[in-house]
Amino acid sequence: MRLALFGGTFDPIHLGHVEAALAAADAHSLDRVLVAPCGVPPHKRSACRAPYRHRLRMVELACKEDSRLIASGLDEPREGGAPNYSVDTVERALATLRFEEPLRFIVGADAFSEIGTWRDAERVASLVEFLVVGRPWPDANSPSPPTARAARSVECAHPASSSAVRHRAKIGGTLADLAPPDVCAYIWQHALYRPEPNTMGP
Ligand code: ATP
């Protein structure tokens, strides 16, 4: 079993995420990609708009697009609301899952270029092989060294972003070109990312 972890805020998951996961799966013959929304993202704490349960549910809906994609609660919120660090998630995966080594870790080129700011970045790099998916942002395609030895790049150029989905949902625009149909329906059904305060529940 060739396995990759794909972590992120997924607030919400979008077509760029799905394409990135599938491009990595195709390029590296992955059997499974665990798509694991981050409970409390260390880098985006204040910016996280939808509660974890909604983000996980949308990941579940998006994962119906391909049988290799598996929604995972591996990175669920910790007790006491502490931030979720990738190093803990990777160690949890290594301790609890069975797969053929190495554990792959899918990451966008923009996120990868900031990897020096991750907690225990060197340790994460020693535990996984990064699959760095290209992102169509001008300066996002130049991964910086500390972990470059364990990184392989994967071509993928879908322009969607979670920010774009949230913006469109806020102004009532179409989401069809940005997110899988079931995710679009879920966002409307639960009035996610609307301007009104407190519409998303706890
Ligand atoms: P936001 O717009 O709120 O910053 P985002 O679209 O970057 O969010 P995240 O959940 O933060 O979404 O991203 C999770 C991972 O997916 C990160 O590694 C990110 O670089 C990568 N990623 C996001 N969008 C794309 C895309 N269109 N193509 C390739 N990788 C992507």
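Residues numbered from 1 in each chain as written. Predicted model: local features only at pLDDT ≥ 70, side-chain atom pairs only at ≥ 80, totals over all residues. Heavy atoms only, no water.

> Summarise the side chain of H14; cite the residues concerned and give the values.
The residue H14 is located in the loop between β1 (2-8) and α1 (15-27) in this model. By relative accessible area, which is 2% here, H14 ends up buried. Excluding residues that lie within four positions of it along the chain, H14 makes contacts with A160, S161, S162, V165, L178, A179 and P180. (Helix = DSSP H or I, 4+ residues; strand = E, 2+ residues; numbered from the N terminus. Buried < 20%, exposed > 50% of the residue type's maximum accessible area, 1.4 Å probe, protein only. Contact = heavy atoms within 4.5 Å.)

> Report on the packing of aromatic side chains, specifying residues and quantitative values.
Under the defined criterion, the tally for this structure stands at five aromatic pairs. Where F105 meets F130, the ring centres are 5.6 Å apart and the plane angle is 70°; that geometry is what we call edge-to-face. One end of the pair, F105, is in strand β4 (residues 100-108); the other, F130, is in strand β5 (residues 128-133), and 25 residues separate them in sequence. Taken individually, F105 and F130 each receive the classification buried, so the pair is uniform in this respect. On the basis of an interplanar angle of 70° and a centroid distance of 6.3 Å, the ring pair of W118 and F130 is categorised as edge-to-face. Of the two residues, W118 sits in the loop between α4 (109-112) and α5 (121-127) while F130 sits in strand β5, which places them twelve residues apart along the sequence. Overall, F130 belongs to the buried group, its relative accessible area being 0%. Here a set of aromatic residues connected by ring pairs shows up, and it is made of F105, F112, W118 and F130. (Phe/Tyr/Trp six-rings, centres within 6.5 Å; stacked < 30°, edge-to-face > 60°.)

> Provide a residue-level description of the pairing of strand β2 (residues 32-37), including the pertinent values.
With five of its six residues buried, β2 lies for the most part within the structure. Relative to β2, β1 is paired through six bridges, and the arrangement is parallel. When the sheet's bridge partners are listed, G7 is paired in β2 with A36. The handedness of the β1 to β2 crossover, carried by α1, is right-handed. The pairing of β2 with strand β3 (residues 69-71) spans three bridges and is parallel. Paired with L34 across the strands is I70, a residue of β3. (Pairing = 2+ DSSP bridges. Right-handed = clockwise from strand over helix to strand, strands pointing away.)

> Run through the side chain of N84, naming residues and quoting values.
Position of N84 relative to the elements: it lies in the loop between β3 and α3 (86-96). Of the residues examined, N84 reaches a relative accessible area of 2% and is grouped as buried. Among the polar contacts listed, one links the side chain of N84 to the backbone nitrogen of V40, at a separation of 2.8 Å. Only 2.8 Å separates the side chain of N84 from the backbone oxygen of E76, close enough to count as a polar contact. Not counting residues up to four positions away in its chain, the partners in contact with N84 are C38, G39, V40, P42, D75, E76, P77 and R78. (Polar contact = N/O pair within 3.5 Å; in protein donor to acceptor, adjacent residues only side chain to side chain.)

> Now, about unusual backbone geometry: what can you tell me, with residues and values included?
A cis amide bond links D11 with the next residue in sequence, P12, at an omega value of 5°. Assignment of secondary structure puts P12 in the loop between β1 and α1. Between E101 and P102 the backbone carries a cis peptide bond, its omega angle lying at 0°. The topology assignment puts P102 in strand β4. Residue D120 is not a glycine yet carries a positive backbone phi of 50°. As for its placement among the helices and strands, D120 is situated in the loop between α4 and α5.

Note that all results are geometric; they support no functional claim without further evidence.
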